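A look at the structure
Below, each chain spelled out in residue letters.
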Amino acid sequence: LTLRTLTPLYTGGVGQHGDQIHPSGLLGGLRKFSSLLAAAVGDSSFEHAVWGTAPNADDRHAKQVALRVDGSDLKKNDLPARINWDRPDGQRRPGWCYNVAHDGVLRLTLTRRGISDPHWQLLLLALRIQVRYATFGSRDQWGLGVLTTDELPAVKPLQPPQTPPLCWSWCVGCGRR
């Protein structure tokens, strides 16, 4: 997937120094976004199957997706060292510190390992939604991380759940609306 920055991309770093793109920051955002989408459509097994488990779980395993980032066409963009804003009482808020973000073209390659087709489709759908309507990286509250692309990954339509949601079956069973 080839993405272009509409606003600078910042993925953090040691001491808030954004001198490079951190794939873990991008992958963590995709994990959160895809897990929220899976929960919204009622797929309770998605997060465990795709993103793995905690080390102390009985059926632990590693995440089943990898992300390769090619940022060779990104250019460093110097940001203000600190952004402050005034409070209503005239005092200054502490503000946020950062220094470098990135502009240009970013290429992402997702590698699938043992992910079922429905879970892969949910992951791709989450990526489509994130590119079109959300942000990547950190400091999105300052407008950073807005990306675009000419071609989103193709996805198949979602299949309806095999069992109705709990509240629906409960309402139908008791006759309440």
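Residues numbered from 1 in each chain as written. Predicted model: local features only at pLDDT ≥ 70, side-chain atom pairs only at ≥ 80, totals over all residues. Heavy atoms only, no water.

Overview of the overall build of the protein
For the protein, the helix and strand inventory stands at four helices and six strands. Secondary structure of the protein in N-to-C order comes out as β-α-α-β-β-β-β-α-β-α. Long-range pairs, those at least 24 residues apart, make up 68% of the contacts in the protein with a sequence separation of at least 6. For the protein, the exposed surface amounts to about 11,200 Å²; the carbon and sulfur share of it is 53%. (Helix = DSSP H or I, 4+ residues; strand = E, 2+ residues; numbered from the N terminus. Contact = heavy atoms within 4.5 Å. Areas by Shrake-Rupley, 256 points an atom, 1.4 Å probe, with all protein chains shown as cover.)

Some points on helix H1 (residues 23-40)
A rise of 1.5 Å per residue sets the reference length of H1, with its 18 residues, at 26 Å; its end C-alpha atoms lie 26 Å apart and thus fit the reference within 8%. Three or more residues of H1 are buried, namely Leu 26, Leu 27, Leu 30, Ser 34, Ser 35, Leu 37 and Ala 38. Within H1, the buried residues cover an arc of 160° as seen down the axis, which keeps them to one side. Within H1, the exposed residues directed more than 90 degrees away from the buried face are Ser 24, Lys 32, Leu 36, Ala 39 and Ala 40. Just beyond H1, the residue with positive phi is Gly 42, at close to 85°. (Expected span 1.5 Å × (residues − 1). Buried < 20%, exposed > 50% of the residue type's maximum accessible area, 1.4 Å probe, protein only. Arc of directions from axis to C-beta.)

Looking at the pairing of strand E5 (residues 100-112)
Two elements, strand E1 (residues 2-5) and E5, share three bridges in a ladder whose sense is antiparallel. Residue Leu 3 lies in a different strand from E5, and its bridge partner there is Leu 106. Pairing geometry for strand E2 (residues 65-78) and E5, over twelve bridges, is antiparallel. Across the sheet, the residue bridging to Asp 70 is Arg 107, located in E5. (Pairing = 2+ DSSP bridges.)

Looking at the pattern of salt bridges
According to the stated counting rule, one finds five salt bridges in the structure shown. The residue Arg 31 makes a salt bridge to Glu 47 at a minimum N-O spacing of 3.5 Å. With a gap of 16 residues between them, Arg 31 in helix H1 and Glu 47 in helix H2 (residues 46-51) connect regions that are remote in the sequence. Across the pair Asp 117 and Arg 112 runs a salt bridge, and its minimum N-O distance is 2.6 Å. Here the salt bridges share partners, and the residues they tie into one network are Asp 70, Asp 73 and Arg 107. (Salt bridge = Lys/Arg side-chain N within 4 Å of Asp/Glu carboxyl O.)

Observations regarding the environment of Leu 9
Along the chain, Leu 9 falls in the loop between E1 and H1. For the pair Leu 9 and Gly 145, spaced 136 residues apart in the sequence, the C-alpha separation amounts to 4.3 Å. Setting aside residues no more than four positions away along its own chain, Leu 9 makes contact with Ile 21, Leu 26, Ala 101, His 102, Leu 106, Phe 136, Gly 137 and Gly 145.

With respect to the confidence of the model for the protein
Close reading of the predicted structure is inappropriate where its pLDDT is low. Per-residue confidence for the protein gives a mean pLDDT of 80; residues scoring 70 or more make up 76%. Across the protein, the secondary-structure element scoring lowest on mean pLDDT is helix H4 (residues 166-174), at 52, and the one scoring highest is E1, at 94. (pLDDT = per-residue confidence, 0-100.)

Describing the side chain of Thr 149
Note that Thr 149 resides in the loop between strand E6 (147-148) and H4. A distance of 2.6 Å separates a polar side-chain atom of Thr 149 from the backbone oxygen of Thr 2. Side-chain polar atoms of Thr 149 contact the backbone nitrogen of Glu 151, separated by 3.3 Å. Leaving out residues up to four positions away in the same chain, Thr 149 has contacts with Leu 1, Thr 2, Leu 3, Arg 4 and Val 131. (Polar contact = N/O pair within 3.5 Å; in protein donor to acceptor, adjacent residues only side chain to side chain.)

With respect to the nonpolar core
With 29 residues, the main nonpolar core has Leu 26, Trp 51, Val 65 and Leu 110 as its most contacted residues. Only H1, H2, E2, E5 and helix H3 (117-133) provide two or more residues apiece to this core. Here this core gets eight residues from one element, more than from any other, and that element is H3. With near-sequence residues (within four places) excluded, Val 65 lies in contact with Val 50, Trp 51, Leu 110, Thr 111, Ile 115, Trp 120 and Leu 123. (Core = buried A, V, L, I, M, F, W, Y, C linked by side-chain atoms within 4.5 Å.)

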